[in-house]
Amino acid sequence: MKLDATDLRYISSDEFRVLTAVEMGSKNHEVVPTVLIAQISGLRNGGVNKLIGSLAKRNLVAKVQNSKYDGYRLTYGGYDFLAMRAMSKRDTMHSVGNQIGVGKESDIYIVADTEGQEMVLKLHRLGRISFRAIKEKRDYLGKRKSASWMYMSRLAAQKEWAFMKVLHEHGFPVPRPIDQARHCILMEFIDAYPLRQIAEVPSPGKLYSTLMDLIVRFAHAGLIHGDFNEFNILIRRESGVPIVIDFPQMVSTSHENAEWYFNRDVECIRTFFRRTFRYESALYPRFKSTLSEDGVATGEFRLDVMVAASGFKQKDMKMLEEYMEAVKSDGSDSEEEESEEESSDEEDQDEEAAPVDEENDDEEAVPAKEDEDDETSSQRPLSRSPPRSRAGSISLEASAASLTLNSVKEIVSADLSKSRLQQKRKYHSKRGAQRAGRSQGSKAKQDTRVKLDSSGVWD
């Protein structure tokens, strides 16, 4: 969705209050009921309906069709307005300009403050069309099924803000962070070109060495960029100094796949220089030699530990990492999961078809002759459950001698009465039948009058 900030100046305070109420209701409702919006906003019900209609015309909220109740959901346009209003109240952003970049997970705009100083506004847009099918197949949030893509975008913005802030404070070549609200990040504007747009440099070897030193410097501080390539590296127009951007996928060097991420960053730079500048060097950093023998960063400070304690919760970071991994994975994993579920269902059916007595699980194996007797005894139609112990089992001849005609009749009658009682509970357990005292069934079954059957003969 393209940002249109034209109507931002015309939105009243009551409309922003209703918009905030829709955002708060979205925490537990995919479609927020109109009654709940009026309750959270604290406005009159009729006034809320008028304000919601005005917001819907501007595509800040959307009415969901075929819903079980009257409700609305928050759109990315409304979420953008809430974030920009929060920044404007803090006097960090005053005006919005043109769009200068677009990606699969974010949009980039030029903005300015009250003094006309240009800045960059990054809006995270997780959940575009290419990711919707993945969200339907997989559950990234565990038991939280009502969470939306906007919540994931907010987590990504919070994580990138935390990394950018701590990296800038420790002198890394990253943009200066200015402000953050919801899914938006405000940073300084840098007069630079993306590395992918540069076809020739004065000294490819010097730039190659600088980028490899950055990777090693990140690792010494306990961090791995995770997406260190020509798309996320800017080259300043005047000095030619590289600037690193895009940090939501950053991981710690203590991550279980840290070596794989490190080697991928190194290989991306080597491949780009080989294809674009025809430059290839035999020297490149290794993960094991960069870190200590125990796999711990060798720097004086651990930025990964500082970021985890900077306000971005460990639970949120783990949740976002699982989401990013699921987005990058192939769809073949879902097919394997489905086949595993089918096989597990078959195993469950087999276990249900042949239940095992829990008390006999730890007993020793019996000789083969006794096993044959057990197999023949299990063919008896009158045995309802397996014996509790092997010592108390009897042979087929002894059981046949003990069964008389009267005992067989008693067992059969007991089974029939039990099955009839189960059927009665299954089909005649409605409250209406219980209140009327019709425990024997319906009125047709209770009718004792003589009836004429289909053949015309009186019963």
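Residues numbered from 1 in each chain as written. Predicted model: local features only at pLDDT ≥ 70, side-chain atom pairs only at ≥ 80, totals over all residues. Heavy atoms only, no water.

Novice: Would you mind going over the overall build of the chain with me for this structure?
Specialist: Helix and strand content of the chain: 17 helices and 13 strands. At a minimum sequence separation of 6, the contacts of the chain that also span at least 24 residues come to 64%. Of the roughly 29000 Å² of accessible surface on the chain, 48% is carried by carbon and sulfur atoms. (Helix = DSSP H or I, 4+ residues; strand = E, 2+ residues; numbered from the N terminus. Contact = heavy atoms within 4.5 Å. Areas by Shrake-Rupley, 256 points an atom, 1.4 Å probe, with all protein chains shown as cover.)

Novice: Teacher, can you tell me more about the confidence of the model for the chain here?
Specialist: Atomic detail in the predicted coordinates should be set aside for any region of low pLDDT. Averaged over all residues, the pLDDT of the chain is 75; the fraction at 70 or higher stands at 63%. A low-confidence stretch, residues 341-403 (pLDDT under 50), is modelled with 21 contacts involving residues beyond four sequence positions or located in other chains. Low pLDDT (under 50) marks residues 432-439, which in the prediction has 5 contacts with non-local residues, meaning those over four places away or in another chain. (pLDDT = per-residue confidence, 0-100.)

Novice: What exactly am I supposed to notice about helix α6 (residues 149-169) here?
Specialist: Because the α-helix completes a turn every 3.6 residues, residues three or four places apart line up on one side. Spanning 21 residues, α6 covers 30 Å between terminal C-alpha atoms, matching the ideal 30 Å at 1.5 Å per step. In terms of residue burial, α6 counts as a mostly covered element, since 15 of its 21 residues are buried. Positive phi appears at Gly171, one or two residues downstream of α6, with a value of about 80°. (Expected span 1.5 Å × (residues − 1). Buried < 20%, exposed > 50% of the residue type's maximum accessible area, 1.4 Å probe, protein only.)

Novice: Can you help me understand the pairing of strand β4 (residues 95-102) in this one?
Specialist: Two strands pair when backbone bridges link them, and β4 and strand β5 (residues 106-112) are joined in this way by 5 bridges, in the antiparallel orientation. Across the sheet, the residue bridging to Gly101 is Ile108, located in β5. Where β4 folds back on β5, the antiparallel hairpin that results is connected by 3 residues. (Pairing = 2+ DSSP bridges.)

Novice: Any chance you could explain helix α8 (residues 258-276) here in plain terms?
Specialist: The end-to-end C-alpha distance of α8, which contains 19 residues, comes to 27 Å, matching closely the 27 Å that a straight helix rising 1.5 Å per residue would cover. Residues Ala258, Tyr261, Phe262, Asp265, Val266, Ile269, Arg270, Thr271, Phe272 and Phe273 constitute the buried set of α8. A positive phi of about 55° marks Arg278, the residue just after α8.

Novice: I keep staring at the sheet that holds strand β1 (residues 32-33) and nothing clicks. Help me out?
Specialist: Pairing between the strands of a sheet comes from backbone hydrogen bonds, and it takes one of two forms, parallel or antiparallel. Taken together, the 3 strands give an open sheet; going across it, the order is β1-β3-β2, and neighbouring strands pair in antiparallel fashion. Edge positions in the open sheet fall to β1 and β2 (61-63), since each of these has one partner strand only. For β2 and strand β3 (residues 71-74), the ladder comprises 3 bridges, and the chain directions are antiparallel. By the bridge assignment for β3, Lys63 is matched with Tyr72.

Novice: Before we go on, may I ask you to explain the pattern of salt bridges in this structure?
Specialist: Oppositely charged side chains may form a pair once their charged atoms are brought near each other. Enumeration according to the criterion identifies 13 salt bridges in this entry. Here Lys63 and Asp70 are joined by a salt bridge, their closest N and O atoms 2.3 Å apart. Here Asp191 ties to Arg237 by a salt bridge, and the two come within 3.0 Å at their closest N and O atoms. Note that Asp191 is positioned in the loop between β8 (184-188) and β9 (192-194) and Arg237 in the loop between β11 (233-236) and β12 (242-244), a separation of 46 residues in sequence. (Salt bridge = Lys/Arg side-chain N within 4 Å of Asp/Glu carboxyl O.)

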